[in-house]
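Here is what each chain is made of, one letter per residue.
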Amino acid sequence: MKRDFVHITDFSSDEIQEVFDLTATMKALVKKGKEYTPLKGKNMAMIFAKPSARTRISFETGMSQLGGHAIYLGPNDIGIGKREAVRDIARVIARYDDIIMARLFDHTHMLELAEYSTVPVINGLTDLNHPCQIMADIFTVLEHRKHLNDLKIAFIGDGNNVANSWINLAARLPMHFVLASPNGYDPDETILKNAHNVGISRIEVLHDPVEAVRDADVVYTDVWASMGQETEAELRRKAFMPFQVNGNLMKHAKKDVLVMHCLPAHRGDEITDEVIDSPNSIVFDEAENRMHVQKAIIVKLLQ
Ligand code: CP
Ligand code: NVA
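Read on for a plain summary of the structure.

Cut-off values and rules
- Residues numbered from 1 in each chain as written.
- Chains lettered and ligands numbered in written order.
- Predicted model: local features only at pLDDT ≥ 70, side-chain atom pairs only at ≥ 80, totals over all residues.
- Heavy atoms only, no water.
- Buried < 20%, exposed > 50% of the residue type's maximum accessible area, 1.4 Å probe, protein only.
- Helix = DSSP H or I, 4+ residues; strand = E, 2+ residues; numbered from the N terminus.
- Arc of directions from axis to C-beta.
- Phe/Tyr/Trp six-rings, centres within 6.5 Å; stacked < 30°, edge-to-face > 60°.
- Lys NZ or Arg CZ within 6 Å of the ring centre and 35° of its normal.
- Pairing = 2+ DSSP bridges.
- Axes fitted to C-alpha atoms, helices over the stretch in contact; angles between N-to-C directions.
- Parallel < 35°, antiparallel > 145°, perpendicular 65-115°, else oblique.
- Left-handed = near helix turned anticlockwise from the far one by under 90°.
- Contact = heavy atoms within 4.5 Å.

The next thing to look at is helix α7 (residues 189-198). For α7, the set of buried residues is Ile191, Leu192 and Ala195. In an axial view of α7, the angular spread of the buried residues amounts to 100°, which keeps them on one side of the axis. Projecting away from the buried face of α7 at angles above 90 degrees are the exposed residues Glu189, Thr190, Lys193 and Asn197.

Here it is in structure tokens:
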């Protein structure tokens, strides 16, 4: 049975730990300049219906480091769901390649891709979630803090795809996760309900950024208007300005707080220069770990 990684919850807690162990091993090899090429002769198709820097570069470089090859298909190439039905392109690519990574708008297209592809599918972001990002994020937190017990993670901003994946993670690893968003910008209800039902984490959704950040160990933010929401940007800027992660807000967090952002950042909107460039910021460790964690996810799915 082929496996997919479309949601963090597709992996059990033990499997997430296995991915992190493999990530740490493979990252150490890269740092020592040692080759590890278990995927010689393997090909990955990368479908991008939206723009990307990190996701494209990290998957492509990662595949190359593993001895395999990645093929970039940009927004004008396939026309997934428009020029060609999702189920058809899923079956076509599976005849050529060993694994698919896709960044799509509609999450139901990701589900259809996974259903009809006979090779593993990795979700590189949809409007609903961004699982690879949050796997890299929590791996990064663990590099800096060793364990999650008792850590308060505050997500300030939109209850978007990135926030939804944090909540999915809270259904697999125990943590205290607090999200503060303006009214009307809450995370996905079903994902939240599922995480509450699993019951291993303390999860709070608030509308007060100061309360969320108070004594936080990690403060995380993301853009106010995600890809595809560009026309709402002005409206959103007004609603989100009180949720800006700036020096004043950060005074309420712990002194050694870790500042995180999935990037790209809109400096001066959701986060100020003084915060993202502060010594507490680990945003570039996060960005680097996208590659190491994704390599482990690929190896796990192809083993
Ligand atoms: N964080 C992230 O996914 O970045 P890109 O959109 O540049 O891939
Ligand atoms: N929420 C953002 C994340 C980008 C990596 C978006 O979807 O545009």
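What the rule picks out here adds up to nine aromatic pairs. Seen from their ring centres, Trp166 and Phe177 are 5.8 Å apart, and the 15° between their planes marks the pair as stacked. In this pair, Trp166 is assigned in helix α6 (residues 161-169) and Phe177 in strand β6 (residues 176-180), connecting sequence segments eleven residues apart. No difference in accessibility class separates Trp166 from Phe177, as the two residues are buried. Chaining the aromatic ring pairs together yields one cluster made of Phe155, Trp166, Phe177 and Tyr220. The ring of Tyr72 has Arg56 lying over it, and the distance from NZ or CZ to the ring centre is 3.8 Å.

On the basis of which strands lie adjacent, the open sheet formed by five strands has the order β7-β6-β5-β8-β9 and parallel pairing. A single partner strand is all that each edge strand has here, and the edge strands are β7 (202-206) and β9 (258-261). Mean inter-strand twist for the sheet, computed between neighbouring axes without regard to direction, equals 15°. When β6 meets β7, the two strands line up parallel, connected through five bridges. Counted as the bridge partner of Val178 is Glu204 from β7.

A few words now on the packing of helix α1 (residues 13-31) against helix α12 (residues 283-302). For the pair α1 and α12, interaxial distance at closest approach is 8 Å and the crossing angle is 120°. One finds that α1 runs oblique with respect to α12. With respect to the hand of their crossing, α1 and α12 are arranged in right-handed fashion. In this structure, α1 contributes Glu15, Glu18, Val19, Leu22, Thr23, Met26, Lys27, Val30 and Lys31 to the contact, and α12 contributes Glu288, Asn289, His292, Val293, Lys295, Ala296, Ile297, Val299 and Lys300.

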